[in-house]
Amino acid sequence: MRIAVIADTHDRYPPGLPARLAGADEIWHLGDVCDPDTLVEFQNLGKPLHVVLGNNEWHNLWPLELRLERAGVKCFLTHIPPSRAPAGMNVVLHGHTHVPRDETDARGVRWLNPGCITRPNRGARASFGWLTLTKGAPLDWRLEPL
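Residues numbered from 1 in each chain as written. Predicted model: local features only at pLDDT ≥ 70, side-chain atom pairs only at ≥ 80, totals over all residues. Heavy atoms only, no water.

Attention shifts here to the pairing of strand β9 (residues 127-132). Across the six residues of β9, five count as buried, placing the element largely inside the fold. Here four bridges tie strand β1 (residues 2-6) to β9, and the two strands are oriented antiparallel to one another. Within β9, the position partnered with alanine 4 by the bridge is tryptophan 130. Examined bridge by bridge, β9 and strand β10 (residues 140-145) share six bridges and lie antiparallel to one another. Along β10, the bridge assignment pairs threonine 132 with aspartate 140. (Buried < 20%, exposed > 50% of the residue type's maximum accessible area, 1.4 Å probe, protein only. Helix = DSSP H or I, 4+ residues; strand = E, 2+ residues; numbered from the N terminus. Pairing = 2+ DSSP bridges.)

According to the stated counting rule, one finds six salt bridges in the structure shown. One salt bridge connects aspartate 102 with arginine 110, and the closest N-O pair in it is separated by 2.7 Å. Residues aspartate 140 and arginine 142 are paired through a salt bridge, measuring 2.8 Å at the closest nitrogen-oxygen approach. (Salt bridge = Lys/Arg side-chain N within 4 Å of Asp/Glu carboxyl O.)

Summarising the element assignment, histidine 10 is placed in the loop between β1 and α1 (17-21). Taking the relative accessible area as the measure of exposure, histidine 10 reaches 6% and is therefore buried. Side-chain polar atoms of histidine 10 contact the side chain of aspartate 8, separated by 3.4 Å. Not counting the four nearest positions on each side in its chain, histidine 10 is found in contact with Asp32, Val33, Cys34, Asn56, His98, Thr118 and Arg119. (Polar contact = N/O pair within 3.5 Å; in protein donor to acceptor, adjacent residues only side chain to side chain. Contact = heavy atoms within 4.5 Å.)

Mapping cysteine 116 onto the fold places it in the loop between β8 (110-113) and β9. Along the primary structure cysteine 116 and alanine 126 are separated by ten residues, whereas in three dimensions their C-alpha atoms are 5.3 Å apart. When sequence neighbours within four positions are dropped, the list of residues in contact with cysteine 116 reads Ala7, Asp8, His98, Ala126 and Ser127.

Formed by 18 residues in total, the largest nonpolar core has its most connected members in Val5, Trp28, Cys75, Leu77, Leu93 and Leu131. Within the residue set of this core, elements represented by two or more residues are β1, β4 (65-70), β5 (73-78) and β6 (91-93). The greatest single-element share of this core, amounting to three residues, is contributed by β5. (Core = buried A, V, L, I, M, F, W, Y, C linked by side-chain atoms within 4.5 Å.)

Per the stated rule, a full pass over the model turns up zero disulfides. Between cysteine 116, a free cysteine, and cysteine 34, which holds the nearest cysteine sulfur, the sulfur-to-sulfur gap is 10 Å. (Disulfide = S-S within 2.5 Å.)

Further remarks concern unusual backbone geometry. Phi is positive for histidine 10, close to 50°, though the residue is something other than glycine. Unusually for a residue other than glycine, cysteine 34 sits at a positive phi of about 80°. Within the secondary structure, cysteine 34 sits in the loop between β2 (26-29) and α2 (40-43).

So, on to the sheet that holds strand β7 (residues 101-104). With respect to topology, five strands assemble into an open sheet ordered β4-β5-β6-β8-β7, the strand pairing being mixed. Strand pairing shows two members of the sheet lacking a second neighbour, β4 and β7, which therefore form its edges. For this sheet the average axis-to-axis angle between neighbouring strands, irrespective of direction, equals 20°. (Axes fitted to C-alpha atoms, helices over the stretch in contact; angles between N-to-C directions.)

See below:
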């Protein structure tokens, strides 16, 4: 399963981004969409779209966190990274910092941040991530610059 992971669109994204995500099996947005209409082109791709609430949303249309299991991998999606991974999770995916992240903690939990679609931080380039999950294989995480 190939999942496009985006975060921090803040009401805008490059015009070609939806077409770049068309090959995804699912799209996960890790918060700070802001205006829900920002997601229309992504919804029109016809792929499952999972979204969590960010700290810049003015509504409560999405949950603060999601727990999804794909190919036997338990994923925790949130906007602001928690201080600890929730029990039983293999991967924590978050946005908020506007900086890409790929770290494994002492408990073996992988922490991933796709970076920011708009307004990258601390010298990072705008980016999103591709998460590929295959049952029985290590996860594959790749950043895609914009």
